[in-house]
Amino acid sequence: MDVDVPKRDLAGPFLNRLTGFWRPLRSFGAARSRVNGSRSLLTAAEFQEELAILGLSGRRFEPEDYSDALGEYLDISITVHVIPDSWYPELSRLLALSGRLGELRYSERLNLAAIFVPGSLPPLVLTLTILHELGHLAAGDLLIEPDEQFEDDQHAEQTIFETLPLKKEKKLARGYPFAKESLREREANLRASYALFAGCLGDDSPYAHDMYDVL
């Protein structure tokens, strides 16, 4: 993961590239006819299995390590751009209006993913925001076929939720992305928290011990 603070004279044109071939994560809907099974939300134990695939289970790691391993597994280049608020206050304003802390853009054609976060975020929030957006890449959320908006008739008390098929199996997660956007966001939050604690605990994580017991 390259954490980049772009220079003033370069950042403007770079941000302008967010249009065109760049695909924003939250422009996707999903038709009910495309529902592809169901599953529950990711657990910490299941996330540890993903870490094992990336070679990070039982190890202490930083978000950069997770990003590098995920990018290598997905065969894409992932960069993180921390944008100083004083240079581009409109970025923070637009994110605030949308209720988001960061923005993820992806180009299938170029095999590139870019994460944009404002520099004013506190360190812990910045880390969790980056891990949240990486969680969307791991889940394959950006590979959902654009379609009609999914009509939610799922109830809050449910534990199993409908999922959608992907046009390409370019994901780390075992299951398919959720049909409901709010659930995709909720699971990205879970991945972020799991990654933060797993990276801090390393082989002290009880879930890492369970992985070794299975092996």
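In the block above lies the structure referred to throughout.
Within each chain, residue numbers correspond to sequence positions counted from 1 in written order. It should be noted that, the model being predicted, local features are given only for residues of pLDDT at least 70 and side-chain atom pairs only at 80 or more, the latter also being counted only at that level, while totals for whole chains, interfaces and linings use all residues. Heavy atoms throughout the structure, all of them, feed into the side-chain values; hydrogens and water do not.

Asks: I keep staring at the nonpolar core and nothing clicks. Help me out?
Replies: A general tendency of soluble globular proteins is for nonpolar side chains to be buried together. Counting residues in each nonpolar core, the largest one holds 33 residues, and the members touching the most others are Phe47, Tyr66, Leu70, Leu134 and Leu137. What counts as a helix is a DSSP run of H or I of at least four residues, what counts as a strand is a run of E of at least two, and both are numbered from the N terminus. Listed by contribution, the elements that provide at least two residues to this core are helix 2 (44-54), helix 3 (63-74), strand 4 (77-83), strand 5 (103-107), strand 6 (112-118), helix 5 (123-139) and helix 6 (181-201). For this core, the leading source of residues is helix 5, giving five residues. Contact criterion: two residues are considered in contact whenever any of their non-hydrogen atoms come within 4.5 Å of each other. Look past the residues within four positions of leucine 137 in its chain and what remains in contact with it is Leu70, Leu74, Ile76, Ile78, Leu104, Ala113 and Leu142. Definition used in this section: a nonpolar core is a set of buried Ala, Val, Leu, Ile, Met, Phe, Trp, Tyr and Cys residues joined via side-chain atoms within 4.5 Å. Here the term buried applies to any residue with accessible area under 20% of the maximum for its type, exposed to any over 50%, and partly exposed to those in between, with areas from a 1.4 Å probe on protein chains only. Core analysis: the second largest hydrophobic core is formed by five residues, Ile83, Tyr88, Leu91 and Phe116 among them.

Asks: Just to check I follow, could you spell out the environment of leucine 172 for this structure?
Replies: Mapped onto the fold, leucine 172 is located in the loop between strand 7 (161-162) and helix 6. Separated by 98 residues in sequence, leucine 172 and leucine 74 place their C-alpha atoms 7.4 Å apart. Other than its neighbours up to four places away in sequence, leucine 172 contacts Glu50, Ile53, Leu54, Tyr66, Leu70, Tyr73, Leu74 and Ala138.

Asks: Would you mind going over the pattern of salt bridges with me for this structure?
Replies: The term salt bridge refers to a side-chain nitrogen of Lys or Arg lying within 4 Å of a carboxyl oxygen of Asp or Glu. Using the criterion set out here, one finds six salt bridges in the structure. Here arginine 60 makes a salt bridge to aspartate 204, at a shortest N to O gap of 3.3 Å. Of this pair, arginine 60 sits in the loop between helix 2 and helix 3 while aspartate 204 sits in the loop between helix 6 and helix 7 (206-214), placing them 144 residues apart in sequence. Of the residues examined, arginine 60 reaches a relative accessible area of 53% and is grouped as exposed. On the basis of relative accessibility, which here comes to 47%, the residue aspartate 204 falls in the partly exposed class. As a salt-bridge pair, glutamate 187 and arginine 191 come within 3.5 Å of each other at their nearest N and O atoms. On the criterion of helical spacing, the pair formed by glutamate 187 and arginine 191 is a turn pair, its members being four residues apart in helix 6.

Asks: Just checking my understanding: could you explain the packing of aromatic side chains for this structure?
Replies: Here the distance between the centres and the angle between the planes together describe a pair of aromatic rings. Planes of paired rings set the category: under 30 degrees apart is stacked, over 60 is edge-to-face and the rest tilted, where pairs are Phe, Tyr or Trp rings (Trp by its six-membered ring) whose centres lie within 6.5 Å. Using the criterion set out here, one finds four aromatic pairs in the structure. Taking 6.2 Å as the distance between ring centres and 40° as the angle between the ring planes, the aromatic pair formed by phenylalanine 47 and tyrosine 66 counts as tilted. Pair noted here: phenylalanine 47 is in helix 2 and tyrosine 66 is in helix 3, with a separation of 19 residues, a long-range link. Joined through ring pairs, the aromatic side chains of Phe47, Phe61, Tyr66 and Tyr194 make up one cluster. For the cation-ring pair, arginine 39 lies above phenylalanine 178, with the distance from its terminal atom to the ring centre recorded as 4.0 Å. Two limits define a charge over a ring: the Lys NZ or Arg CZ must be within 6 Å of the ring centre, and within 35 degrees of the ring normal. Its guanidinium or amino end placed over the ring of tyrosine 176, lysine 171 lies 5.2 Å from that ring's centre, counting from NZ or CZ.

Asks: Quick question: what am I supposed to make of a negative patch on the surface here?
Replies: On the surface, Glu62, Glu64, Asp65, Asp68 and Glu72 cluster together into a patch of negative charge. Checked against the element boundaries, glutamate 62 lands in the loop between helix 2 and helix 3. Of the residues examined, glutamate 62 reaches a relative accessible area of 55% and is grouped as exposed. Patches here: salt-bridge-free residues with over 30% relative accessible area, like charges joined within 9 Å, nonpolar side chains (Val, Leu, Ile, Met, Phe, Trp, Tyr) joined within 5 Å. Every accessible area reported is derived by Shrake-Rupley at a probe size of 1.4 Å, with residue values counting cover from the shown protein chains alone. Only four residue types enter the charge count, namely Lys and Arg as positive and Asp and Glu as negative; His and the chain termini do not. Note on charges: their place is set at NZ of Lys, CZ of Arg, CG of Asp or CD of Glu.

Asks: Before we go on, may I ask you to explain the layout of surface pockets in this structure?
Replies: Gaps left between atoms show up when a probe the size of a water molecule is rolled over them. Within this scheme a cavity is a closed region of a 1 Å grid, computed over the protein atoms alone, that accommodates a 1.4 Å probe without allowing it to escape, whereas a pocket is open but has protein on both sides within 12 Å along at least five of seven lines; lining residues each have an atom within 4 Å of a point. Grid points are joined across faces, edges and corners, and a volume is the space filled by probe spheres set on the points. Here the second largest pocket is characterised by a volume of approximately 220 Å³. If you go around the second largest pocket, the residues you meet are Arg39, Ser40, Leu42, Glu46, Glu49, Glu50, Ile53, Leu172, Ala173, Arg174, Gly175 and Arg191. Ranked by residues supplied to the lining of the second largest pocket, first place goes to helix 2 with four residues.

Asks: What is the right way to read unusual backbone geometry from this model?
Replies: In this structure, aspartate 75 takes a positive phi of about 60° despite not being glycine. Looking at the element boundaries, aspartate 75 is found in the loop between helix 3 and strand 4. Taking relative accessible area as the criterion, aspartate 75 reaches 55% and is therefore assigned exposed. At asparagine 111, a position not held by glycine, the phi torsion is positive, near 55°. Following the sequence through the fold, asparagine 111 ends up in the loop between strand 5 and strand 6.

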